[in-house]
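Descriptive analysis of the structure
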Amino acid sequence: MAVVTRRGIVLTAAALAIAVAASGCSLFRRNPAPPAPATLPAGSTPWHDCADDARTVLGRKPANVTYDCATIAVPRDWAGSSTVAASVSPGSPTFSIALIRTRASSQRDRIGSLVVNPGGPGGSGVDLAIYLSVAIPAEVLRRFDIVGFDPRGVGRSSTVKCLSDAELDEGFGYEPDPVGQAAFDGAVAIGKTTGADCAAKYGDNLKLFSTEQAARDMDAVRQAVGDEKLTYLGYSYGTLLGATYAQLFPKNIRALVLDGAIDPELSFVASSEGQAKGFERAFDNFAGWCKANPAKCAMAPDPRSAMVAALDSARRNPARAPDGRRATAGWVFTGLVFALYDQRKWPALATAVHGLGTGDARGIFELADGYAERDESGHYTNLFDANAVVNCTDTDEKLTVSRVRDLQSQWRAKYPLFGGPLAVGMLTCAQWPGGRDPYPTGPATGAPPIVVVGTTGDPATPYEQTAKLAGMLGVGHVLTWQGEGHTAYAQQPPVTCINDAVNGYLIDLKVPAEGLTCPAR
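What you are looking at is a predicted structure, and each value in this text was computed from that prediction instead of being measured.

The subject of this paragraph is the overall build of the protein chain. If you tally the helices and strands in the protein chain, you get 18 helices and 13 strands. For the protein chain, with 521 residues in total, the buried portion stands at 62%. In the protein chain, the proportion of contacts linking residues at least 24 apart, taken out of those at least 6 apart, comes to 77%. Of the accessible surface of the protein chain, which amounts to about 17700 Å², a share of 52% is contributed by carbon and sulfur atoms.

Set out below in structure tokens:
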């Protein structure tokens, strides 16, 4: 599953505006939104059958699950508005929030709704709920409706779209770690254009797509599904969204599971460096697997040298795909990033990099396009538009282009594959022309126990952040998986120890034993 991470990789130069991670949107394509019913205030929620969405996402409609969709209205700006979504004044500016409710035909002893978010920012919660309708443990599906929502700015909800397919192609294909000044200036220009395009289209409304605004929308979702208290599962950036909700509405919580934890108190720069360190560590873990399994890894015996050689070759003489696309260093790096989110993709990464050496770019584009949500016609979803807007709106940290340039060389020395690109990835927010609306940080005073899940080999939300998030909330309880990839709950194949612990918490509110650590598969 693919969830997007906070600030993702916001590689403007490489256009890796996000890091799609396990449990979100890139295992399936986001389909165009079907015609929506009239947008109504939360609290009067008319559901309609939308099984066709399941067929699009899953390729089939499971016989034992129903799929119903709705659209609710929320204030564009919660500042000064009632916190009760049902009281949206007629004629006041609103955004539409798209919902889906999946329900098992075997449902019994219903507890309520499990609201889910895949991360991003920019990931589709509607798609995630559809995916989880066949992937979440059966005992949870029997007790809850699985409810997904596309946050403001995303997918089927009121959408932010300011980047063209051509601009995204240019960004993804661009040199991820430009050394020469002219090449770096090109990356600066791409980052500046991203902000300028979004500002030209949305102006002052850009700051309305912040995480805090989206967290307030979540309480409207809770009311729309008729739950007195929220039960929530958030992955990756979804942990930041959940943590923000917990600070704003601590007494409205029944249970929160935050998987792939983000430390909200990290600065923008520290968060980006943490990802550089996390991805470098994940590549070392991949390399160790490769050396131990040479029959499964075409990059053996020296995966790092093979990866460096592939990137250098892509800079000099990029391989071509059958459709003529050139696998530049940017596209190769994108495929590398995507593969490190899920250990099951490691053999595909090795085969793809080996293929580049024979002039075959098909494998690397299959990985890179999965990350980018680019379809065969060259069209992108709005995942990266929303990611850039939310990430840059969320931070008010002052960062200059010259500071990014300095960090690029410093981080490259510390994290050879990922340091330079992760520094360059901050250029969009360093030049962001829109307003800023940072999310709150601090304890969730009055909230019940919250389960915070971390994976020791997680590249995108490094494990070190797990205890930090739990500690900040004050009611967090850490659950650890000694595994690889991004996030742990409802993985395929399942991590039984993690599933059992989370299931017990969601259903019976049984908090996992303090310090519970689940071994790798």
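Quick look at the pattern of salt bridges now. Opposite charge on two side chains makes pairing possible when the charged atoms of those side chains draw close. Summed over all chains, the structure comprises 23 salt bridges. Note that Asp 284 and Arg 304 form a salt bridge whose closest N and O atoms lie 2.8 Å from each other. Linking Asp 284 in helix H8 (residues 268-292) with Arg 304 in helix H9 (residues 303-316), this pair joins segments that are 20 residues apart in sequence. Of the residues examined, Arg 304 reaches a relative accessible area of 24% and is grouped as partly exposed. Three or more residues are tied together by salt bridges with common partners; here these are Asp 53, Asp 127, Asp 150 and Arg 156.

Another point: the packing of H8 against helix H14 (residues 401-414). The N-to-C vectors of H8 and H14 enclose an angle of 30°; their axes lie 11 Å apart at closest approach. Taken together, the axes of H8 and H14 lie roughly parallel to each other. As H8 packs across H14, the resulting crossing turns out to be right-handed. Contacts from Val 269, Ser 272 and Glu 273 of H8 reach H14 at Leu 407, Trp 411 and Lys 414. Across the contact of H8 with H14, the residue classes tally to 3 nonpolar, 1 polar and 2 charged.

So, about helix H17 (residues 464-473). Within the sequence span of H17, burial applies to Gln 465, Thr 466, Leu 469, Ala 470, Met 472 and Leu 473. Buried residues of H17, viewed axially, fall in a sector of 165°; they line one side. Residues of H17 that are exposed and angled more than 90 degrees away from the buried face: Lys 468 and Gly 471. Residues of H17 that are buried sit in contact with helix H7 (237-248), strand E10 (253-259), strand E11 (450-457) and strand E12 (476-484).

Let us look at the pairing of strand E6 (residues 94-104). Across the 11 residues that make up E6, a large majority, 8, are buried. Pairing of strand E5 (residues 65-75) with E6, which is carried by 11 bridges, proceeds in the antiparallel orientation. Paired with Ile 72 across the strands is Ile 97, a residue of E6. Of the strand pairs in this sheet, E6 and strand E8 (residues 144-150) are connected by 5 bridges, and their pairing is antiparallel. Bridge assignment links Leu 99 to a residue of E8, and that residue is Phe 149.

Glancing now at the confidence of the model for the protein chain. Put simply, the protein chain has an average pLDDT of 91, and 89% of its residues get 70 or more. Low pLDDT (under 50) marks residues 1-42, which in the prediction has 237 contacts with non-local residues, meaning those over four places away or in another chain.

The next point concerns the packing of aromatic side chains. Taken as a whole, this structure holds 16 aromatic pairs when the rule is applied. Ring centres 5.5 Å apart and planes at 35° place the aromatic pair Phe 279 and Phe 418 in the tilted group. Of this pair, Phe 279 sits in helix H8 while Phe 418 sits in the loop between H14 and helix H15 (419-424), and the two are 139 residues apart along the sequence. Just as Phe 279 is buried, Phe 418 falls in that class too. These aromatic residues form a ring-pair network of at least three members: Phe 172, Trp 331, Phe 338, Phe 365, Tyr 371, Tyr 380 and Phe 384. The ring of Trp 331 carries the charged tip of Arg 325 above its face, separated from the ring centre by 4.8 Å. In this arrangement the basic side chain of Arg 405 is found over the ring face of Phe 184, its NZ or CZ atom lying 4.4 Å from the centre.

Turning next to the state of the cysteines. Throughout the structure, instances matching the rule amount to 5 disulfides. The residue that forms a disulfide with Cys 392 is Cys 429, at a sulfur-sulfur distance of 2.1 Å. Here the S-S torsion is close to -85°, and the disulfide linking Cys 392 with Cys 429 is therefore left-handed. Residue Cys 392 is located in helix H13 (residues 383-394), and its partner Cys 429 is located in helix H16 (residues 427-430); the two are separated by 37 residues in the primary sequence.

In this section: the pairing of E5. The buried count for E5 comes to 10 of 11 residues, which makes it a mostly enclosed element. Pairing of strand E4 (residues 48-49) with E5 involves 2 bridges; the strand directions are antiparallel. Bridging from a neighbouring strand, Asp 49 pairs with Asp 68 of E5.

Remark: helix H10 (residues 329-339) packs on helix H12 (residues 362-372), axes separated minimally by 8 Å, with the N-to-C direction vectors making an angle of 70°. One way to sum up the angle between H10 and H12 is to call them roughly perpendicular. When H10 is examined against H12, the residues Trp 331, Val 332, Thr 334, Gly 335, Val 337, Phe 338 and Ala 339 are found in contact with a partner set consisting of Ile 364, Phe 365, Leu 367, Ala 368, Asp 369, Gly 370 and Tyr 371. Tallied by class, residues from the contact of H10 with H12 come to 10 nonpolar, 3 polar and 1 charged.

Turning our eyes to something else, we now look at H12. Because an α-helix completes one turn every 3.6 residues, residues spaced three or four positions apart along the sequence face the same direction. Burial of H12 is extensive: 8 of the 11 residues sit out of reach of the surface. All of the buried residues along H12 are Ile 364, Phe 365, Leu 367, Ala 368, Asp 369, Gly 370, Tyr 371 and Ala 372. Just downstream of H12 lies Glu 373, where phi reads positive at about 55°.

The rules behind the values
- Residues numbered from 1 in each chain as written.
- Predicted model: local features only at pLDDT ≥ 70, side-chain atom pairs only at ≥ 80, totals over all residues.
- Heavy atoms only, no water.
- Helix = DSSP H or I, 4+ residues; strand = E, 2+ residues; numbered from the N terminus.
- Buried < 20%, exposed > 50% of the residue type's maximum accessible area, 1.4 Å probe, protein only.
- Contact = heavy atoms within 4.5 Å.
- Areas by Shrake-Rupley, 256 points an atom, 1.4 Å probe, with all protein chains shown as cover.
- Salt bridge = Lys/Arg side-chain N within 4 Å of Asp/Glu carboxyl O.
- Axes fitted to C-alpha atoms, helices over the stretch in contact; angles between N-to-C directions.
- Parallel < 35°, antiparallel > 145°, perpendicular 65-115°, else oblique.
- Left-handed = near helix turned anticlockwise from the far one by under 90°.
- Nonpolar A, V, L, I, M, F, W, Y, C, P; charged D, E, K, R; others polar.
- Arc of directions from axis to C-beta.
- Pairing = 2+ DSSP bridges.
- pLDDT = per-residue confidence, 0-100.
- Phe/Tyr/Trp six-rings, centres within 6.5 Å; stacked < 30°, edge-to-face > 60°.
- Lys NZ or Arg CZ within 6 Å of the ring centre and 35° of its normal.
- Disulfide = S-S within 2.5 Å.

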